[in-house]
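The residues making up each chain are set out below.
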Amino acid sequence: MLEIEDLNSIKEAVVKLNGLKVVTSNRVGKKYGFRENKGLLSVFTCREMEVIVGNIQEGRDFSLETDIYFFELQAKRTVSLHFHSKKGFLIVHDVTEEKKLNEAKLDFITSVSHELFTPLSASKMNVYLLKDLEKDPEKLQILEKIERSLDRMETVIRQSKFLAMVQLGLYDFKMEQVKVKEILDKVLEDLREKIDSRKINVKLSVSVDMLETDRFVFYTILKNLLSNAVKYSYPESEVEIFVSREKLTVKDQGIGIKEEEKERIFERFYRGSEALKMAPGSGLGLSIVKHLCEMMGYKIEFRSQWLLGSEFIVWFR
Ligand SMILES: Nc1ncnc2c1ncn2[C@@H]1O[C@H](COP(=O)(O)OP(=O)(O)OP(=O)(O)O)[C@@H](O)[C@H]1O
Ligand SMILES: [Mg+2]
């Protein structure tokens, strides 16, 4: 059987409780003041004390993140608390440093993207004005190229910021019952131009009306997978989307992925050698999809044959 002393080397405090009394704790637990026979109320205090005490007394499992004042440390720490009623274990994970670091990183990302957006908007506005004044078709073509590059820069900045937030765990997802058809329609509408310009035939096979998920996450995953299927397909080919309670599948008959490129496609900014020639992109799409899947506890798999096609599957559970 696992003894609490076996847990002396881990960074979380593990406390064995009997009601509200400490039976024993590991080394980190003792550092926070969880000593034998002490009542929890004399170890720490916080705003959620009533909820914590209520749950422990009534034997309900809970997890929460909060700021706690530890009497022994005479200091406030940000911790995530988990209570396992069956074993009577309270696990205290100190996330103070992690939180500070994440805040600093987010602050940096937000400032950088803000500082980039301002001159970018100004440049876009000026290109727009120049285009209005310019009559020479050659110069107009150059201005349109500049405009496209600026649009791509904007996408990269926006996507990098979103990806960083997801990676830092700062995107607050909200689970709700989502109408699958609504999301599908929105994604198809957003990609309509791409789909029509390549004359792609999108086939839908949906066996579920509602899914419990985060609306924006589901939309982003589907949009990125479908965008790839369309971008890397031959004109007039077929793309199939299947949605069921268990999984989402996007299957195409496109260029496929070379064996030697398969292990890199989820990397940030990675773009396949043929993909580069076929369509514009930032190489962030699949990286975002991967991190969103990790956050939601989904599993993503793909099968692909070079020159024949690819299939991406997201398992919801
Ligand atoms: N359905 C697909 N068929 C063929 N290759 C694919 C497919 N999906 C992804 N890839 C390969 O994986 C690479 C990474 O995909 P990812 O979506 O991350 O970036 P991207 O599509 O190039 O750019 P964007 O950031 O605009 O999505 C692509 O450049 C391409 O080489
Ligand atoms: Mg993509």
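Above this text sits the structure in question.
Residues numbered from 1 in each chain as written. Chains lettered and ligands numbered in written order. Predicted model: local features only at pLDDT ≥ 70, side-chain atom pairs only at ≥ 80, totals over all residues.

Visitor: Looking at this structure, how should I read the overall build of the protein?
Guide: In terms of regular secondary structure, the protein is built from nine helices and 13 strands. Seen through its C-alpha atoms, the protein measures out along the principal axes to roughly 85 × 45 × 35 Å. Classification of the 317 residues of the protein by burial places 23% in the buried group. A fraction of 55% describes how many contacts in the protein between residues 6 or more apart in sequence connect residues 24 or more apart. (Helix = DSSP H or I, 4+ residues; strand = E, 2+ residues; numbered from the N terminus. Buried ≥ 20, exposed ≤ 12 C-beta atoms within 10 Å, placed from the backbone. Contact = placed C-beta atoms within 7 Å.)

Visitor: In this structure, what is going on with the environment of lysine 100? I would like to understand it.
Guide: Along the chain, lysine 100 turns up in helix α3 (residues 96–133). Distance from lysine 100 to glycine 281, taken between C-alpha atoms, is 33 Å for residues 181 residues apart in sequence.

Visitor: Explain the pairing of strand β10 (residues 238–243) here, please?
Guide: On a regular strand, each side chain points to the face opposite its neighbour's, so the side chains alternate between the two faces of the sheet. Of the two faces of β10, only the one carrying Val239, Ile241 and Val243 is buried; Glu238, Glu240 and Phe242 on the other face are not. Bridge count between strand β8 (residues 201–206) and β10: six bridges; the pairing is parallel. Of the residues in β10, the one forming a bridge with lysine 203 is glutamate 240. Two elements, β10 and strand β11 (residues 247–252), share five bridges in a ladder whose sense is antiparallel. Its bridge partner lying in β11, phenylalanine 242 is registered against threonine 249. Where β10 folds back onto β11 in an antiparallel hairpin, the turn is made up of three residues. (Pairing = 2+ DSSP bridges.)

Visitor: Could you clarify how one ought to interpret the site of ligand 1 in this entry?
Guide: Contacts to ligand 1 come from 22 residues, most closely from Gly272, Ala275, Gly281, Gly285 and Leu286. Among the elements of the structure, α7 (215–231) and α9 (285–296) are those that each provide at least two residues to the shell around ligand 1. Its residues placed into classes, the shell around ligand 1 shows nine nonpolar, 11 polar and two charged. (Near = placed C-beta within 6 Å. Nonpolar A, V, L, I, M, F, W, Y, C, P; charged D, E, K, R; others polar.)

Visitor: Quick question: what am I supposed to make of the sheet that holds strand β5 (residues 75–84) here?
Guide: Either a parallel or an antiparallel arrangement is found when strands of a sheet pair, and the pairing is made through backbone hydrogen bonds. Here six strands make up an open sheet; going across it, the order is β2-β1-β6-β5-β4-β3 and the pairing antiparallel. The open sheet terminates on both sides in strands that have one partner only, identified here as β2 (21–25) and β3 (44–45). Pairing of β5 with strand β6 (residues 89–94), which is carried by six bridges, proceeds in the antiparallel orientation. The residue bridging serine 80 from the neighbouring strand is histidine 93, located in β6.

Visitor: Which parts of the structure should I look at to understand the packing of helix α5 (residues 180–190) against α7?
Guide: Pairs of packed helices are described in terms of their axes, by the angle between the two and the distance that separates them. Between α5 and α7, the least distance of the axes is 10 Å, while the angle of their chain directions is 45°. Accordingly, the angle class assigned to the pair α5 and α7 is oblique. Remark: the crossing between α5 and α7 carries right-handed chirality. The residues of α7 that touch α5, namely those facing Ile183, Lys186, Val187 and Asp190, are Arg215, Phe218, Tyr219, Leu222, Lys223 and Leu226. Of the residues contributing to the contact of α5 with α7, the split by class is six nonpolar, no polar and four charged. (Axes fitted to C-alpha atoms, helices over the stretch in contact; angles between N-to-C directions. Parallel < 35°, antiparallel > 145°, perpendicular 65-115°, else oblique. Left-handed = near helix turned anticlockwise from the far one by under 90°.)

Visitor: Looking at this structure, I do not really get the sheet that holds strand β13 (residues 309–315). What am I missing?
Guide: A sheet is described by the order of its strands in space; here five strands give the open sequence β8-β10-β11-β13-β12, paired in mixed fashion. Looking at which strands have only one partner, the edges of the open sheet turn out to be β8 and β12 (299–305). Shown here is a sheet whose adjacent strand axes are inclined to one another by a mean of 10°, direction ignored. Taken together, the seven bridges between β12 and β13 define a ladder with antiparallel strand orientation. Opposite serine 304, over in β13, you have serine 310 as the bridge partner. Of the strands in this sheet, β10, β11 and β13 touch α7, which is tilted by about 15° from β11.

Visitor: Just to check I follow, could you spell out the nonpolar core for this structure?
Guide: Taken as a class, soluble globular proteins show a tendency for nonpolar side chains to be buried jointly. Among the nonpolar cores identified, the biggest contains 34 residues, and Ile221, Leu222, Leu225, Leu226, Ala229 and Val250 are the most heavily contacted of them. Take this core: its biggest share by element is eight residues, from α7. A domain split of this core shows at least three residues from each of domain 2 (98–167) and domain 3 (176–315). (Core = buried A, V, L, I, M, F, W, Y, C linked by C-beta atoms within 7 Å. Domains from an automatic or database assignment.)

Visitor: Hey, could you run me through the environment of glutamate 267 in this one?
Guide: Here glutamate 267 is to be found in the loop between β11 and α8 (273–278). With 17 residues separating them in the primary sequence, glutamate 267 and leucine 284 have C-alpha atoms 7.7 Å apart.

Visitor: Just to check I follow, could you spell out the packing of helix α4 (residues 137–167) against α9 for this structure?
Guide: Two numbers describe how α4 lies on α9: the axes approach to 10 Å, and their chain directions differ by 25°. The orientation of α4 with respect to α9, classified from their angle, is roughly parallel. Taken as a pair, α4 and α9 cross one another with a handedness that is left-handed. For the pair α4 and α9, the contacting residues are Gln159, Phe162, Leu163, Val166 and Gln167 in the first and Ser287, Ile288, His291, Leu292 and Met295 in the second.

Visitor: It is not clear to me how α9 should be interpreted in this structure. Could you clarify?
Guide: Each full turn of the α-helix corresponds to 3.6 residues, which orients residues three or four apart in the same direction. Counted at 1.5 Å a residue, the expected span for α9 with its 12 residues is 16 Å, and the 17 Å between its end C-alpha atoms agrees. Those residues of α9 that fall on the buried side of the exposure criterion are Gly285, Leu286, Ser287, Ile288, Val289, Lys290, His291 and Leu292. Buried-residue contacts for α9 involve α4, α7 and β12. Glycine 297, located one to two residues past α9, shows a positive phi value of around 80°. (Expected span 1.5 Å × (residues − 1).)

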